[in-house]
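Given next are the chains, with one letter for each unit.
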Amino acid sequence: MLGYRDSDLTLSLKIVVSGGFGVGKTTLVGSVSEITPLRTEEALTEAGIGTDNVTGIAQKSTTTVAMDFGRITLRSGLEVQLPHNVQVLMFGTPGQDRFWFMWDDLAKGAVGAVVLADTRRLADCFAAIEFFESRQLPFLVALNQFPGARPRTEQKVRAALGVSSSVPIVFCDARDKASSRNVLTALISHALHRAQLVPSA
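Predicted model only: the values in this text are computed from it and were never measured.

1. Quick word on the pattern of salt bridges
Using the criterion set out here, one finds eight salt bridges in the structure. Put simply, D118 and R121 hold a salt bridge, and the shortest N to O gap is 3.3 Å. An identical accessibility class is assigned to D118 and R121; each is buried. With a closest N to O distance of 2.8 Å, R158 and E154 form a salt bridge. A residue pair is termed a helical-turn pair when its members lie 3 or 4 positions apart in one helix, as R158 and E154 do in helix α4 (residues 154–161) at four residues. Judged by its relative accessible area of 15%, R158 is buried. Via salt bridges that share partners, D118, R120, R121 and D124 belong to a single interconnected network.

2. Comments concerning the pairing of strand β6 (residues 139–144)
Each regular strand carries side chains that alternate between the two faces of the sheet. Of all six residues that make up β6, six are buried, and the element is covered over most of its length. Neither face of β6 is exposed, since F139, V141 and L143 on one face and L140, A142 and N144 on the opposite face are all buried. What joins strand β5 (residues 112–118) to β6 is helix α3 (residues 126–134), and the crossover it makes is right-handed. Of the strand pairs in this sheet, β6 and strand β7 (residues 169–172) are connected by four bridges, and their pairing is parallel. Across the sheet, residue L143 finds its bridge partner in β7, namely F171. Crossover β6 to β7 through α4 is right-handed.

The rules behind these values
- Residues numbered from 1 in each chain as written.
- Predicted model: local features only at pLDDT ≥ 70, side-chain atom pairs only at ≥ 80, totals over all residues.
- Heavy atoms only, no water.
- Salt bridge = Lys/Arg side-chain N within 4 Å of Asp/Glu carboxyl O.
- Buried < 20%, exposed > 50% of the residue type's maximum accessible area, 1.4 Å probe, protein only.
- Helix = DSSP H or I, 4+ residues; strand = E, 2+ residues; numbered from the N terminus.
- Right-handed = clockwise from strand over helix to strand, strands pointing away.
- Pairing = 2+ DSSP bridges.

The analysis is restricted to geometry; functional conclusions fall outside its scope.
Structure, rendered in structure tokens:
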């Protein structure tokens, strides 16, 4: 084909955005998606009282009940060291434990995962970390910077979460497109590095 270049190809990669209830998963997917994101949000109701922990997020009025879906294209040679453009398909998981049965389906075929965390409620991301560790899926921890949150160093967060030095920890603002894009780029780079270190079967 005339004008065809290897760099014109687009490689599609699936990633999962996970974490506890109200940490900003829907916000991150929405801030960076180049398409109108698919959202499955429903209003919080009295049925969630005593079940959904809204400590620190009392203003939250909706919750994801199935998934969020967004898409972004990263240009080759700019964000990641690949010969192709990378189309990232983002699947945001529900945060509450009663929806965890969906995580297996959402994680199928993913190259990696973002575990989004709120430093005020770090314990809320333990389940996501355990989930991806048990499935040996590459992941990183993204610390969403909420207003008024007490600053924590990477070392203190790593110790609190019990993650090894091989797991990247990055700081982000899920509302900011550039910041969210940097999280995705860091995850893809981490997943590619892991793939090179793990011998093929």
